[in-house]
Amino acid sequence: MSTNTSHINPLENEAIYIMREVAAQFEKPVLLFSGGKDSITLVRLAQKAFWPAKIPFPLMHIDTGHNFPETIEFRDRLAKELGVELIVRNVQDSIDAGKVKEESGRYASRNSLQTTTLLDAIEEFKFDACIGGARRDEEKARAKERIFSVRDDFGQWDEKSQRPELFDMLNGDIELGQNVRVFPISNWTELDVWSYIQKEEIEIPSIYFAHKRKTFVRDGMIWSAEDDIVFRDAEEIVEERLVRFRTVGDMSCTAAVLSDAVSIDKVVSEIRDSSISERGARIDDKRSEAAMEKRKQQGYF
Amino acid sequence: MPRANSQQLIKMEVLKIATAGSVDDGKSTLIGRILYDTKSLTSDKLEAIEKTSKQKGYDYLDFSLATDGLVAEREQGITIDVAHIYFSTAKKSYIIADTPGHVEYTRNMVTGASTSQAAIILIDARKGVIEQTNRHFFINNLLRVKEVIVAINKMDLVDYSEETYNAIKSDFSELMSKRDYENQNITFIPVSALKGDNVVNKTDAMPWYNGETILEHLERLDLAAVSNVGTPRFPVQYVIRPKTEDFHDFRGFAGKVYGGELNVGDTVVALPSQTKSKIKEIYAYDKKYQTASRRSSVTITLEDEINVSRGDMIVKEGDLPTIDKQFTATIAWMDSDQLKAGTKYVIQHGVNKVLAKVDKIHHKINPDYSGIEENVDGLGMNDIAKVTFKLNKPIFFDAFKNHRTNGSFIVIDTKNNNTVGAGFIQ
């Protein structure tokens, strides 16, 4: 065993520092948990930051109702193991209340509807800080995101008047009604996250590994066809393929990739050798070049 | 579970680099070129660049499209905020803070340089050292960025002329004679970002240059040597009290170690109480260690039950920082509301916040080495000045030149909570 801490990865040190700043600077923080690999990594980092105490804030999942069942099962089990409170708020409730309108047509997705449910939940619980797993390497608009990103009463992001962040000083002072989105793994790349999951032997949902799935191909991407959620034309042929998911969003906006990576080691080598970026498999970003930036301004994560 | 390759994959070295250049110096192209030549651009990103370059009618690949993120920037063709770009080699992970170079965005440059150990200053070979170059150098020197690469770009447009390169080098050396931080390492490299000369790969175009390429130089940098080392400082972020059966009396002080290392058994002093104790245990997660290395996030327990809370600082006995209710600092002002003498602000020094009053604005410092301006009654956006603050309670600081972390602070506006300035204690 090492006798000094110099072997600990600098990104982990930074993320733990950020987690502790959140707990110290805010009254009601929450960790936004999607069941995806990034938020699972956040949970591990939070565990490390406060050990031997429990994570001092709840987890919250905004459930679109279109999540992969494997993810939901995983989420419930993890929260139970940690002994941490899990809050779930449903997009379906926002639809039923007439606050948002379900999209229709072949690209219908509930992904952007999540924003309303999230903002309502922030108001309901009076959360002043929401910890999220966004990374700057994911997308061009996210490359400019701060670690502490202040949102106004409407949850909106004003990219032109962001607070400068110097050294590692994080300014969490806000006015009543404002809240802060916090991104502890801002500086991690996709490969950093996967390598960390491998090294720490963190359990992740099974859909991240290669499995046989009924799928169809549209616009060069592989869509899941194992449910009625994704709209499908009659001429779009369903075939069984060996696939896995690189990102776990909604079923309606997450494409699969062909893969035979059945273990974490194989996934890590696949990611290392692959040449398509992670968000390339996100159908929602392909809508337009500025798709992510527009959604962020409206309060999306 | 087998853990093949995990050792190499978790990079222990992360080098942060700030970039500075004026509009059209080719900064975005340089970064795009680095990403392209290190094969860091993914096929879908490359496709998007090819598609857009074609639409715009270019006969080359416009690598600047790899970094210019926001819609406004694409419309105006300029970079308006700090963007972070990631790539890695077999040796190191790199984070580039892409900061804009126009006069009005000094604040972004200060921000980018504050977290960087290295900087790349771009000069257009056709224009040479211009007023902007002075500013870029001044700020990186003020922020004590250890390694500076002066990349003389667009060499292809001056026929790869050695004379042009030497003339620029000699003009820049004149600037160096005015610098305050003399131990800064400066390396000149002639490049063409567009053609890829001396960025990642060597070139035949300039046989007169035998030095390293930009990437070769960065790869060789020893991270321990380029980070500023001082004496150990442990600002307490959070007190961990689990109050569970197994850890009934556990009182752990969570924080990050800056400057040097701390060891179990060290006699330490807690500030501000100045109470002495010894380090009993050092934890990182559930594992105990003998030594807490520099920049690691740990939890420390002490032999004695002493009162320590967030904002306090644990230091080694005989190695105390300055404890004072006032200090003088060089500050970079970042807000459109002016800083005025007599105004109250919150100063955040590490994780510690105190109320402060501007006691005196001594003078403005022109960031282009053209001297100082006295009798100033207010500071505007992007002004740099020497200012004395008085505090409502003492803080524990070092001079910035001795301790980059414990010698810096940010200024927060009490009206809107915005970060409006950054300071470097004298």
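Residues numbered from 1 in each chain as written. Chains lettered and ligands numbered in written order. Predicted model: local features only at pLDDT ≥ 70, side-chain atom pairs only at ≥ 80, totals over all residues.

So, on to the overall build of chain A. Secondary structure summary: chain A contains 8 helices and 10 strands in total. Across the 301 residues that make up chain A, the buried fraction comes to 52%. Restricting to contacts in chain A with at least 6 residues of sequence separation, those with at least 24 account for 75%. (Helix = DSSP H or I, 4+ residues; strand = E, 2+ residues; numbered from the N terminus. Buried ≥ 20, exposed ≤ 12 C-beta atoms within 10 Å, placed from the backbone. Contact = placed C-beta atoms within 7 Å.)

Take Trp 157 of chain A: it is sitting in the loop between strand S5 (148-151) and strand S6 (179-182). In sequence terms Trp 157 of chain A and Glu 21 of chain A are 136 residues apart; their C-alpha atoms lie 21 Å from each other.

Further remarks concern the domain arrangement of chain B. Residue and element names in this part refer to chain B. Annotation of chain B at the domain level lists domain 1 (10-226), domain 2 (233-316) and domain 3 (322-425). Taking the mean C-alpha position of each, domain 2 and domain 3 sit 30 Å from one another. The interface of domain 2 with domain 3 comprises 10 residues on the first partner and 9 residues on the second. Considering every element that reaches the side of domain 2 that touches domain 3, the biggest residue donor is strand S7 (residues 233-240), with 3 residues. Counted by class, the side of domain 2 that touches domain 3 contains 5 nonpolar, 3 polar and 2 charged residues. (Domains from an automatic or database assignment. Nonpolar A, V, L, I, M, F, W, Y, C, P; charged D, E, K, R; others polar.)

Residues and elements named next belong to chain A. With respect to the helices and strands, the residue Leu 258 is situated in strand S10 (residues 256-258). As for Leu 258 and Arg 146, which are separated by 112 residues in sequence, their C-alpha atoms are 34 Å apart. Sequence-distant contacts of Leu 258, defined by excluding residues within four places in its chain, comprise Ile 222, Arg 241, Leu 242 and Val 243.

For the rest of this paragraph, the subject is the domain arrangement of chain A. By domain assignment, chain A separates into domain 1 (5-192 + 290-297) and domain 2 (206-287). Between domain 1 of chain A and domain 2 of chain A, the C-alpha centre-to-centre distance is 24 Å.

Bringing the sheet that holds strand S6 (residues 185-190) of chain B into the picture now. Residue and element names in this part refer to chain B. With respect to topology, 6 strands assemble into an open sheet ordered S2-S3-S1-S4-S5-S6, the strand pairing being mixed. Bordering the open sheet on either side are strand S2 (83-88) and S6, each of which pairs with just one other strand. Strand-to-strand twist across the sheet, computed as the mean angle between neighbouring axes with direction ignored, equals 25°. Judged from the 6 bridges that link them, S2 and strand S3 (residues 93-98) form a sheet pairing that is antiparallel. In the strand pairing of S3, Phe 87 is matched with Tyr 94. Of the strands in this sheet, strand S1 (14-20), S2, S3, strand S4 (118-124) and strand S5 (147-153) touch helix H2 (residues 27-37), which is tilted by about 25° from S2. (Pairing = 2+ DSSP bridges. Axes fitted to C-alpha atoms, helices over the stretch in contact; angles between N-to-C directions.)

Residues and elements named next belong to chain B. Extensive coverage of H2 is indicated by the burial of 9 of its 11 residues. Within the sequence span of H2, burial applies to Lys 27, Ser 28, Thr 29, Leu 30, Ile 31, Gly 32, Arg 33, Ile 34 and Leu 35. The elements touched by buried residues of H2 are S1, S2, S3, S4, S5 and helix H8 (214-220). Positive phi shows up at Lys 39, right after H2, with a value of about 55°.

Leu 31 and Val 182 of chain A together with Ala 119 and Ala 151 of chain B are the most contacted members of the largest nonpolar core, which totals 187 residues. Not counting the four nearest positions on each side in its chain, Ala 119 of chain B is found in contact with Ile 17, Ala 18, Ala 20, Ala 113, Asn 140, Val 145 and Val 148 of chain B. (Core = buried A, V, L, I, M, F, W, Y, C linked by C-beta atoms within 7 Å.)

On to the pairing of strand S10 (residues 267-271) of chain B. All names here are of chain B. Relative to strand S11 (residues 275-284), S10 runs antiparallel, the two sharing 4 bridges. For Val 268, the partnering residue across the bridge sits in S11 and is Ser 277. Bridge analysis of S10 against strand S15 (residues 313-316) gives 4 bridges, and the strand direction is antiparallel. Paired with Val 268 across the bridge in S15 is Lys 316.

This brings us to the confidence of the model for chain B. Residues and elements named next belong to chain B. A residue-level look at chain B finds 92% of positions with pLDDT of 70 or above and a mean pLDDT of 90. A low-confidence stretch, residues 1-8 stays under pLDDT 50, and its non-local contacts, those more than four residues away or across chains, total 8 contacts. Here the complex is predicted with pTM 0.91, and the ipTM for its interfaces comes to 0.92. (pLDDT = per-residue confidence, 0-100.)

This next bit is on the sheet that holds strand S1 (residues 29-32) of chain A. All names here are of chain A. Within the open sheet, the 6 strands sit side by side as S3-S2-S1-S4-S6-S5. Their pairing is mixed. The strands lining the two open edges of the sheet, one partner per strand, are strand S3 (86-90) and S5. Averaged over all adjacent pairs, the angle separating strand axes in this sheet is 30°, with direction ignored. When S1 meets strand S4 (residues 129-131), the two strands line up parallel, connected through 3 bridges. Of the residues in S4, the one forming a bridge with Pro 29 is Ala 129.

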